[in-house]
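Report on the structure
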Amino acid sequence: MTAIFNKFRIGLLPIYVLLATLTTSVTLVSCSKDDELEIQNDFPFEVNVMPVPKDIANGQTVEIRITIQRIGNYTGTQYYLRYFQFDGQGTLRYFDEPPYLPNDLYPLPTEQFRLYYTSTSAVSQSFEVWISDSFGNEKQISFQFNSSD
């Protein structure tokens, strides 16, 4: 190998300098500050609801089973519920807790839960449940019950 360099009278120093320059430039270009690691914590979700009866009588309670299905998983995500009553009157509650107040925001303890709607009128009733997460994603579920009185 040294015979080739001696023949053309090229020293090894220029080759070492060229390799060092090339290595340094590749290193500097590949370590750009714009390539920061992105951590995604905002994942969309879907809401699944089991079928509910179409008719309800005054004083009757209907169970509503809801499951939140996340597309991704971020442990810091919190889910909230809000409901709006449009027609008729009734109460919506979670398990043994006091009834929810319309338009107030309530935290959901789990991603699979049951709500209980109790009719307090003899006319058709409709309401909407909004489920949102701590990143502003929302899903709307509409319910309508005909009076069976």
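Scroll up to find the structure.
Keep in mind the model is a prediction, meaning the values are calculated, not measured. (Residues numbered from 1 in each chain as written. Predicted model: local features only at pLDDT ≥ 70, side-chain atom pairs only at ≥ 80, totals over all residues. Heavy atoms only, no water.)

Considering the nonpolar core
- Counting 24 residues, the largest nonpolar core has Leu92, Phe113, Leu115, Phe127 and Ile131 as the members making the most contacts within it.
- With four residues, strand β3 (residues 61–70) is the largest single contributor of residues to this core.
- Discounting chain neighbours no more than four positions away, the residues touching Leu92 are Ile64, Tyr83, Pro99, Tyr100, Leu115, Tyr116, Tyr117, Phe127 and Val129. (Core = buried A, V, L, I, M, F, W, Y, C linked by side-chain atoms within 4.5 Å. Buried < 20%, exposed > 50% of the residue type's maximum accessible area, 1.4 Å probe, protein only. Helix = DSSP H or I, 4+ residues; strand = E, 2+ residues; numbered from the N terminus. Contact = heavy atoms within 4.5 Å.)

Here we look at the sheet that holds strand β5 (residues 90–94)
- Reading across from one edge, β1-β3-β7-β5 is the order of the four strands in this open sheet, with antiparallel pairing throughout. Because the sheet does not close on itself, it has two edges, and the strands there are β1 (45–49) and β5. Going from strand to strand, the sheet's axes swing by 25° on average, the running direction of each strand aside.
- Across five bridges, the pairing between β5 and strand β7 (residues 112–119) is antiparallel. Among the inter-strand pairings, Arg93 is bridged to a residue of β7, identified as Tyr116. (Pairing = 2+ DSSP bridges. Axes fitted to C-alpha atoms, helices over the stretch in contact; angles between N-to-C directions.)

What about the packing of aromatic side chains?
- On inspection of all chains with the given rule, the structure shows eight aromatic pairs.
- Centroid distance Phe127 to Phe145: 6.1 Å. Interplanar angle 35°. Geometry classified as tilted. With Phe127 in strand β8 (residues 125–133) and Phe145 in strand β9 (residues 138–147), this pair connects stretches of sequence that are 18 residues apart.
- On the basis of relative accessibility, which here comes to 1%, the residue Phe127 falls in the buried class.
- On the basis of relative accessible area, Phe145 is assigned to the buried category, the value being 0%.
- Feature note: the residues Tyr83, Tyr117, Phe127, Phe143 and Phe145 constitute an aromatic cluster, connected by ring pairs. (Phe/Tyr/Trp six-rings, centres within 6.5 Å; stacked < 30°, edge-to-face > 60°.)

Observations concerning the pattern of salt bridges
- Taken as a whole, this structure holds four salt bridges when the rule is applied.
- For the salt bridge of Arg114 with Glu63, the shortest nitrogen-to-oxygen distance reads 3.2 Å. Of this pair, Arg114 sits in strand β7 while Glu63 is found in strand β3, placing the two residues 51 residues apart along the sequence.
- What makes Arg114 partly exposed here is its relative accessible area of 36%.
- The salt bridge partner of Arg70 is Glu111, with a shortest N-O separation of 2.7 Å. Of the two residues, Arg70 sits in strand β3 while Glu111 sits in the loop between β6 (106–108) and β7, which places them 41 residues apart along the sequence.
- According to the relative accessible area criterion, Arg70 is partly exposed, its value standing at 27%.
- Given a relative accessible area of 25%, Glu111 falls into the partly exposed group.
- In the salt-bridge network here, residues are joined through shared partners; they are Glu63, Arg65 and Arg114. (Salt bridge = Lys/Arg side-chain N within 4 Å of Asp/Glu carboxyl O.)

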